[in-house]
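# Geometric and topological summary
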Number of protein chains: 4
Amino acid sequence: MSEAFRHRIRVRYNECDPQGVVFNGNYLIYFDVALTALWNDVGGYKKMVDAGMDLVVAEATVRYLAPLRFDDEFDVAIAVERLGETSMSTRYALERGGEPVAEGELRHVFVTTADGAKAPIPEPVRAGLEAYRPPG
Amino acid sequence: MSEAFRHRIRVRYNECDPQGVVFNGNYLIYFDVALTALWNDVGGYKKMVDAGMDLVVAEATVRYLAPLRFDDEFDVAIAVERLGETSMSTRYALERGGEPVAEGELRHVFVTTADGAKAPIPEPVRAGLEAYRPPG
Amino acid sequence: MSEAFRHRIRVRYNECDPQGVVFNGNYLIYFDVALTALWNDVGGYKKMVDAGMDLVVAEATVRYLAPLRFDDEFDVAIAVERLGETSMSTRYALERGGEPVAEGELRHVFVTTADGAKAPIPEPVRAGLEAYRPPG
Amino acid sequence: MSEAFRHRIRVRYNECDPQGVVFNGNYLIYFDVALTALWNDVGGYKKMVDAGMDLVVAEATVRYLAPLRFDDEFDVAIAVERLGETSMSTRYALERGGEPVAEGELRHVFVTTADGAKAPIPEPVRAGLEAYRPPG
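Residues numbered from 1 in each chain as written. Chains lettered and ligands numbered in written order. Predicted model: local features only at pLDDT ≥ 70, side-chain atom pairs only at ≥ 80, totals over all residues.

Counting its secondary structure elements, chain A contains 3 helices and 5 strands. In sequence order, chain A lays out its α and β elements as β-α-α-β-β-β-β-α. Here chain A has a C-alpha radius of gyration of 15 Å; the compact-globule value for 136 residues is 14 Å, and the two agree. Across its three principal axes, chain A shows a C-alpha extent of roughly 45 × 35 × 20 Å. (Helix = DSSP H or I, 4+ residues; strand = E, 2+ residues; numbered from the N terminus. Rg over C-alpha atoms; globule rule 2.2 N^0.38 Å.)

Structural data, given as C-alpha cells:
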C-alpha cells in the first residue's frame, strides 16, 4: 500500500473490551480520526462544510488481522483509491511496529448540506485528494 | 429516593473495559438514556428543541458503589431535585436487583438554540417536570 | 432475509454526531447488541466462555442505506449464514418501520480463551445456532 | 492549578453530538486518557497491574465551562490532590488556548486484582505520584 498519508494513534483504555482488546466497532473511529487528519492536511473538511457540502459513509469494511491492546501505538495509512463523480473510496492499513493489525475500506458519498442530495466533488477538494492517490 | 421515574438498561459488551466492568464514563450515557426516556414520558425534548430551546449539562457527578458487568440489567431511577429559573437538577440512582450500584447528579441549564444564551424553562416543560419532583 | 431473530434498539443521543445521524462505527455496536440477544436466546455466550471458548471478529462490513436519528427505534434481524469448522458468518438487516436502513455481515472465529487459538465450534453451540440458519 | 502534568488531546468527530459539541460523558474519557499519560510518565500502570494491584474509580465530577467542538485541541492538566492509605484524588483542568473549558475530580481506590479488596498504595507508586502533588 502506498504510504500517501500516515497518522499515529494510541489505544485508549475505554476502547478495549473484557477480552482485553479493542472492540471491533472502534476501528471505524480510528479510520475516521485518520481521515480527519488527512482532510486537515488537504486543507479542509470544515471549509467544505462551510461551503455547503458534506460527505456521508455509504459502506465500511474492516478485516481484523491481530488484536490491538491498551496503550498500543499504531499507524493508520490511508490511500485514496478512487475519486468518482460524487463518491470517494479510501483504503486503510493499520500497522503496529511494522506488523499489519487491520485493514479496510470506506466508500463516501458527497452531498449538499442543504438537502443531503448527492453532488459532484468540488474541484479544489478533488485536486487536494488526488495527492493521496497511490502511484501507478 | 422517590421512584418518580424508572428506566431499565442492559449493559452492552463494548461498554465494559479490560477490568470486565462498565467504564466509568459510560454511566453518564446511562443517565442520559434514562433522562431521554423521562423526557419522552413528559412529552417532549424534541418538541422543546423544535420550539427553539435546548438544555446543556453544566455539572455531572457519579459515585460508583458496585461494578456493573456485561449483560447485567439495572434500573435508573430519576428524581427532579430542583427546578430553578433557567436550570434543573436531577438525581440518579442505579439499582441491579435491588442493590444500589451507582448514584449521581446532573445540573442542566436551559438555553436558546439560536445563540446558546440562558433562558427560562418554558412553562409547559416546567409543569411536566414537576411531576417527577420527590414528595415532601 | 429470513426473520430468524429480531432485536429492537433505540438510538441514543451520544450515538449521533454533528450531522444529526448515528456515527458509522456505532452500527457495529448495534450488530453486537443484537448478536448478544441471539446468544442469550441460544442459551449461552457466557456459558461457552466459562467452558473455555470465545469468539473474535475477523471481518465486518456495513452498508448504510438511510440515516438513523436520535430516538429512532429500529429492528436488527440476524441470520446465521454459515457455520464452518471454526468460524461463523452472520448477516444483519436493520429496519425502521419496515424501511431498510442498513445491512451488513460479520465473520467470527471461535478460539480457546487459554491461548486464542482457533478451535472447532462446540457441538451444543452449533446446534443452537443452526436454529437461526435461513431456510433453503 | 499546578501544571504538574499536561496532556494534549484533539476532539474526534464521533465524540460530538447533534448539538455540535462534545457529549458530556466523553470528558471522563479525556480524564482517563490524560491520567494514562501521567501513569506512563510515572513509569507504570501496567507494571502495577502485573504486580497484582489495580485501581478503580469511586467518584467522578465534571464541571462544563465552555463547549468543546470537533477538531478542537485542548490540554488536560492533572494535579494529584491527595494520596491516602488506599485512595487517590486527582484534579483535572481542561484548557483550549488558555481558556478554561472544563474541570473536575476523580477519586480512585487501589485494589488487589485477585479479589478487588482495598489495598495500600505500593510505595514506588506513591513516590512516583508524589511528584505531581501541587506545591504548597
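That covers the picture; the talk isn't over yet.
Moving on: the interface of chain A and chain C. In this assembly, 15 residues from chain A lie in contact with 15 residues from chain C. At the level of elements, α1 (26-42) and β2 (53-64) of chain A are the ones that each hand at least two residues to the side of chain A that touches chain C. With 9 residues, β2 of chain A is the single largest residue contributor to the side of chain A that touches chain C. Within the side of chain A that touches chain C, the residues separate by chemical class into 7 nonpolar, 5 polar and 3 charged. Of the strand pairs in this sheet, β2 of chain A and strand β2 (residues 53-64) of chain C are connected by 5 bridges, and their pairing is antiparallel. Its bridge partner being in β2 of chain C, A60 of chain A is matched across the sheet by V62 of chain C. (Contact = placed C-beta atoms within 7 Å. Nonpolar A, V, L, I, M, F, W, Y, C, P; charged D, E, K, R; others polar. Pairing = 2+ DSSP bridges.)

If you walk across this open sheet you meet the 10 strands as β1(B)-β3(B)-β4(B)-β5(B)-β2(B)-β2(D)-β5(D)-β4(D)-β3(D)-β1(D), and the pairing is antiparallel. Looking at which strands have only one partner, the edges of the open sheet turn out to be β1 (5-10) of chain B together with β1 (5-10) of chain D. On average, each strand axis in the sheet is tilted by 25° relative to the strand beside it, whichever way the strands run. Pairing of strand β2 (residues 53-64) of chain B with strand β5 (residues 99-112) of chain B involves 11 bridges; the strand directions are antiparallel. Paired with V56 of chain B across the two strands is V109 of chain B, which belongs to β5 of chain B. (Axes fitted to C-alpha atoms, helices over the stretch in contact; angles between N-to-C directions.)

With that out of the way, let us pick up the sheet that holds strand β5 (residues 99-112) of chain C. Read across the open sheet, the 10 strands follow the order β1(A)-β3(A)-β4(A)-β5(A)-β2(A)-β2(C)-β5(C)-β4(C)-β3(C)-β1(C); overall the sheet is antiparallel. In this open sheet, the two strands that pair with only one neighbour each are β1 (5-10) of chain A together with β1 (5-10) of chain C. Shown here is a sheet whose adjacent strand axes are inclined to one another by a mean of 25°, direction ignored. As judged from the 8 bridges shared by strand β3 (residues 73-83) of chain A and strand β4 (residues 87-96) of chain A, these two strands associate in the antiparallel manner. The residue bridging A79 of chain A from the neighbouring strand is R91 of chain A, located in β4 of chain A.

A few words on the relation of the copies chain B and chain A. In this arrangement, two copies of a chain are superimposed by a rotation about an axis accompanied by a shift along the axis. Superposing chain B onto chain A requires a rotation of 180° together with a translation of 0.0 Å along the rotation axis, leaving an RMSD of 0.0 Å. On this basis, the relationship between the two copies can be described by a two-fold rotation axis. Taken together, the interface assignments show that 100% of the residues at the interface of chain B recur at the interface of chain A, consistent with an identical surface on both copies. (Least-squares fit on C-alpha atoms with pLDDT ≥ 70 in both.)

The next subject is the relation of the copies chain A and chain C. Expressed as a screw transformation, the operator carrying chain A onto chain C has a rotation angle of 180° and an axial translation of 0.0 Å, and the superposed copies differ by an RMSD of 0.0 Å. A share of 100% of interface residues in chain A that are also interface residues in chain C marks the association as one of identical surfaces.

Turning to the confidence of the model for chain A, a few remarks are in order. All names here are of chain A. Residues with a pLDDT of 70 or more make up 97% of chain A, whose mean pLDDT is 93. For chain A, helix α2 (residues 45-50) is the element with the lowest average pLDDT, namely 85, and β4 is the one with the highest, namely 98. Taken together, the chains of this predicted complex give a pTM of 0.96 and an interface ipTM of 0.94. (pLDDT = per-residue confidence, 0-100.)

Before going further, it helps to examine the interface of chain B and chain A. How big an interface is tends to be stated in terms of accessible area lost as the parts join. Listed per partner, the contact involves 9 residues of chain B and 9 residues of chain A. Residue classes in the side of chain B that touches chain A are distributed as 5 nonpolar, 3 polar and 1 charged.

All names here are of chain A. Looking at where D72 falls in the secondary structure, it is placed in the loop between β2 and β3. For the pair formed by D72 and V11, sequence separation is 61 residues and the distance between their alpha carbons is 5.4 Å. Excluding anything up to four places from it in sequence, D72 contacts V11 and R96.

Residue and element names in this part refer to chain D. Under the 1.5 Å per step criterion, the end-to-end length of helix α1 (residues 26-42) is 24 Å for 17 residues, consistent within 8% with the ideal 24 Å. Buried within α1 we find N26, Y27, L28, I29, Y30, F31, D32, A34, L35, L38 and V42. G43 lies just past α1 and shows a positive phi near 115°. (Expected span 1.5 Å × (residues − 1). Buried ≥ 20, exposed ≤ 12 C-beta atoms within 10 Å, placed from the backbone.)

Residue and element names in this part refer to chain A. With a phi close to 75°, D71 is a non-glycine residue in the positive phi region. Here D71 shows up in the loop between β2 and β3. A residue is classified by how many C-beta atoms lie within 10 Å of it, and D71, with 16 of them, is partly exposed.

Another point: the environment of D17 of chain B. Within the secondary structure, D17 of chain B is located in the loop between β1 and α1 (26-42). Sequence separation between D17 of chain B and P134 of chain B is 117 residues, and the spatial gap between their C-alpha atoms is 35 Å. Leave out the neighbours within four places in its chain, and D17 of chain B touches Y13, N14 and C16 of chain A together with F23 of chain B.

With that settled, consider the environment of T36 of chain B. Of note, T36 of chain B is situated in helix α1. Sequence spacing of T36 of chain B and E105 of chain B is 69 residues, and the spatial spacing of their C-alpha atoms is 15 Å. Other than its neighbours up to four places away in sequence, T36 of chain B contacts Y45 of chain B together with Y13 and D71 of chain C.

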